[in-house]
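Residue-level listing of the chains:
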Amino acid sequence: MTASGALSRLLLATVCLGVTGCVGTSVTVVGDTPVAPPLSVPPPPQVVLAVVDETGAPAPGVEVRFDRGDPVLTGPEGTVAADWLGRPIDIELSGPGYHPEVGTIPEFSADPVRVGVDTVVAEGRVVDPQGQAVPLARIALGDSEAVSGPDGSFTLRRAVSGEMVVTRPAWETATVAWDGGEGPVEVTLEPVEARALHISGPAAGDPDAWEGFLDLADRTEINALVVDLKDESGRIFYASEVEVGITAGAVRPTFDIDEVVADARDRDIYLIGRVVSFQDPVAAVIHPDLAIWDTTTDAPYRNGAQYFLDPTDPAARGYALDLAEEACRAGFDELQFDYVRYPDGFPAHARFDGGSSEPERVATIAGFLAQAQSRLHPLGCAVAADVFGFIVSIPGDGGIGQHVEELSGGVDVLSPMIYPSHYSSGWFGFECPNANPGPVVANALDDGLPRLQDGTYLRPWVQDFSLGCGGSYGTPEVRAQIEAAAERNLGWMLWNSASRFTIDALAPAE
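Residues numbered from 1 in each chain as written. Predicted model: local features only at pLDDT ≥ 70, side-chain atom pairs only at ≥ 80, totals over all residues. Heavy atoms only, no water.

Draft legend 1. Structural detail: the overall build of the protein. Of regular secondary structure, the protein possesses 10 helices and 30 strands. Its C-alpha atoms give the protein a radius of gyration of 33 Å, clearly above 24 Å, the size a compact globule of 510 residues would have. Considering only C-alpha atoms, the protein reaches an extent of 120 × 55 × 45 Å along its principal axes. Residues classed as buried in the protein amount to 48% of the 510 residues present. For the protein, long-range pairs separated by at least 24 residues make up 67% of all intrachain contacts whose partners lie at least 6 apart in sequence. Accessible area for the protein stands at about 22,600 Å²; split by element, carbon and sulfur atoms hold 51% of it. Within the protein, the 74 negative side-chain charges are centred at a point lying 2 Å from the centre of the 30 positive side-chain charges. (Helix = DSSP H or I, 4+ residues; strand = E, 2+ residues; numbered from the N terminus. Rg over C-alpha atoms; globule rule 2.2 N^0.38 Å. Buried < 20%, exposed > 50% of the residue type's maximum accessible area, 1.4 Å probe, protein only. Contact = heavy atoms within 4.5 Å. Areas by Shrake-Rupley, 256 points an atom, 1.4 Å probe, with all protein chains shown as cover. Lys, Arg positive; Asp, Glu negative; His and termini not counted. Charge placed at Lys NZ, Arg CZ, Asp CG, Glu CD.)

Draft legend 2. Molecular detail of the pairing of strand 15 (residues 174-178). As defined by bridge partners, strand 14 (residues 162-167) adjoins strand 15 across five bridges and the pair is classed as antiparallel. Bridge pairing in strand 15 places Val165 opposite Thr175. The turn joining strand 14 and strand 15, which pair antiparallel and follow one another in sequence, is formed by six residues; a positive phi near 80° is taken by Ala170. (Pairing = 2+ DSSP bridges.)

Draft legend 3. Main features of the pattern of salt bridges. A full pass over the atoms with the stated rule returns 25 salt bridges. With its nearest N and O atoms 2.6 Å apart, the salt bridge here joins Arg375 to Glu325. Residue Arg375 is located in helix 7 (residues 358-376), and its partner Glu325 is located in helix 6 (residues 314-330); the two are separated by 50 residues in the primary sequence. The partly exposed category is assigned to Arg375, whose relative accessible area is 27%. Glu483 is paired through a salt bridge with Arg479; the nearest N and O atoms lie 2.9 Å apart. With Glu483 and Arg479 both in helix 10 (residues 475-486), this residue pair falls four residues apart, about one helical turn. In this structure, a network of salt bridges that share partners links the residues Asp228, Glu232, Arg274 and Asp338. (Salt bridge = Lys/Arg side-chain N within 4 Å of Asp/Glu carboxyl O.)

Draft legend 4. Representation of the pairing of strand 12 (residues 144-147). Only one face of strand 12 is covered, namely the face carrying Ser144 and Ala146; the face carrying Glu145 and Val147 is uncovered. When strand 11 (residues 138-141) meets strand 12, the two strands line up antiparallel, connected through four bridges. Paired with Ala140 across the bridge in strand 12 is Glu145. In this antiparallel pair of consecutive strands, strand 11 and strand 12, the connection spans two residues, and Gly142 shows a positive phi of 60°.

Draft legend 5. Examining the packing of aromatic side chains more closely. This structure, assessed with the given rule, holds 13 aromatic pairs. In textbook terms, an aromatic cluster arises when at least three aromatic residues are bridged by ring pairs, as seen for Phe278, Phe337 and Phe368. (Phe/Tyr/Trp six-rings, centres within 6.5 Å; stacked < 30°, edge-to-face > 60°.)

Draft legend 6. Representation of the packing of helix 9 (residues 437-448) against helix 10. Relative to each other, helix 9 and helix 10 sit at 25°, their axes nearing to 7 Å. One element, helix 9, and the other, helix 10, form an angle in the roughly parallel class. Along this stretch, helix 9 crosses helix 10, giving a crossing that reads as right-handed. On helix 10, the residues touching Pro437, Gly438, Val441, Ala442 and Leu445 of helix 9 are Glu477, Ala480, Gln481, Ala484 and Ala485. Along the lines of polarity and charge, the residues of the contact of helix 9 with helix 10 split into seven nonpolar, two polar and one charged. (Axes fitted to C-alpha atoms, helices over the stretch in contact; angles between N-to-C directions. Parallel < 35°, antiparallel > 145°, perpendicular 65-115°, else oblique. Left-handed = near helix turned anticlockwise from the far one by under 90°. Nonpolar A, V, L, I, M, F, W, Y, C, P; charged D, E, K, R; others polar.)

Draft legend 7. Molecular detail of the nonpolar core. Judged by nonpolar contacts, the single largest core of 96 residues is most densely connected at Leu225, Phe332, Leu335, Phe337 and Leu369. Counting residues per element, this core draws most heavily on helix 6, at eight residues. Among the nonpolar cores identified, the runner-up in size contains 36 residues, and Val120, Ala159, Met164 and Tyr270 belong to it. (Core = buried A, V, L, I, M, F, W, Y, C linked by side-chain atoms within 4.5 Å.)

Draft legend 8. Layout of the sheet that holds strand 20 (residues 293-294). Overall, antiparallel pairing links the three strands, which are arranged 21-20-25 in an open sheet. Among the strands making up the open sheet, the edge pair consists of strand 21 (299-300) and strand 25 (350-351). Note: strand 20 against strand 21, two bridges, orientation antiparallel. Along strand 21, the bridge assignment pairs Trp293 with Pro300.

Draft legend 9. View of unusual backbone geometry. A positive phi angle, near 60°, is found at Arg68, a position not held by glycine. Positive phi values are uncommon outside glycine, yet Ala170 reaches one of about 80°. For Ala170, a relative accessible area of 7% puts it in the buried group.

Draft legend 10. Structural context of the state of the cysteines. Under the counting rule described, the total for this entry stands at two disulfides. Here Cys432 engages in a disulfide with Cys469; their sulfurs sit 1.9 Å apart. Measuring the twist about the S-S bond at about 105°, one finds the Cys432-Cys469 disulfide to be right-handed. One end of the pair, Cys432, is in the loop between strand 27 (413-418) and helix 9; the other, Cys469, is in the loop between strand 29 (461-463) and helix 10, and 37 residues separate them in sequence. With relative accessibility at 16%, the residue Cys432 sits in the buried group. On the basis of relative accessible area, Cys469 is assigned to the partly exposed category, the value being 39%. (Disulfide = S-S within 2.5 Å.)

Draft legend 11. Looking closely at the side chain of Arg361. Checked against the element boundaries, Arg361 lands in helix 7. Given the relative accessible area of 11%, Arg361 is considered buried. At 3.4 Å, the side chain of Arg361 forms a polar contact with the backbone oxygen of Gly399. Those residues in contact with Arg361 that lie beyond four places of it in its chain are Tyr342, Phe346, Ser356, Asp397, Gly399, Ile400 and Gly401. (Polar contact = N/O pair within 3.5 Å; in protein donor to acceptor, adjacent residues only side chain to side chain.)

Draft legend 12. Up close: the sheet that holds strand 16 (residues 185-188). Reading across the sheet, the three strands line up as 13-10-16 and stay open at both edges, with mixed pairing between neighbours. Looking along the sheet, the strands with just one partner apiece sit at the ends: strand 13 (153-157) and strand 16. Recorded for the sheet is a direction-independent mean angle of 30° between the axes of neighbouring strands. As judged from the four bridges shared by strand 10 (residues 121-127) and strand 16, these two strands associate in the parallel manner. Directly across from Val126, in strand 16, lies its bridge partner Val187.

See below:
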């Protein structure tokens, strides 16, 4: 490195080193003998070294040695200073995460002297077991951090040899040893394969029932629980401090959220919190400004017993998001938004704050989920969305804003409710889909899987209740659905509104 190379050209500055013309002269008389005062010599000027990396950004934490002296670290602005003694200064630059450099400051400059230093770079890509990109994964190596891009790629600057830790909510953590090599690193993340039961708010608050669910997680393949935080009734089942819920009178606790989290941690259970988002017969009545408005009745819109909050209303969206963030901070691993949609079949006299055309519906629901991800990911929580089962098999949004390709861009987990009893005659070629649970789930999953954006995992809700044609559901019917998901390396969740399950359909713990 020379003044014409890595170092900027320095301007020689004249420094006043003498007394005459620089320091005023005076004489002190002691007795009869004049005594000259001691000379006042100014300190030497300083030259400032401004160290920048290959991008031109300041390089903090670089160890700089002037004339082989003790190292001095550059500060946050990448600068460090040394005394100028009227001769060239040799410099050495090094430190963790930087390639060593040497050079010379040949002459004084009143302006900072810029010098470049190259950072050590680790590059790579995060993929799933099929080799598809996993975006939004966080990569940490020492003090360096990065987030994988849409193609799964990442770049770590100021990298140091050590253990690379790769995380993303809803995915298992991966660690890779990095020895400082120059080649790209490929990191494979495995999705969390949750096998879960739906736990209603009252069931979570029943000590005997709750202990039974924990015992099932010990004895069977169950490794996750979906706990209702707020359900279709509009009720919140824990002591929430979210203002909208409190003022609506929706907070009626049945369980202690901290105890639920602690029990799940003790048993190594993946904990999912279900938040019913826009169907809410409590908040819509007490806070009508949050509701979809019926211009015919001049009252909150209702569809039978259902009332809906306006998904285009920021305050209505904020209610669900605040509950989710509260549960995330309490220790839940994943927040699942249900009824994250427009009302099905809503009439023209239903008024929204925002638009209700198909593009507007899709943008509204996808935007809400992306907003949830931006709030919850930094806290370490995954975002999931429940969608109608048929949605994964049709090209549009079903009239409710649920479009697979668009929604999957803003969630970690997409959960279609593939209940065979909810499919009408003719679906997938079956006169009675409910009598063919395994093939129905298999067909729906095969429709949905190719439509997901990279980094989104499909985990279906499957049926553990009896309804419709084909007779009641028991062990064979429930197990057939589970096997259809397992054959595709997918997790699953058993739905029973009262949390009563077909235990014999569960495989024993390995």
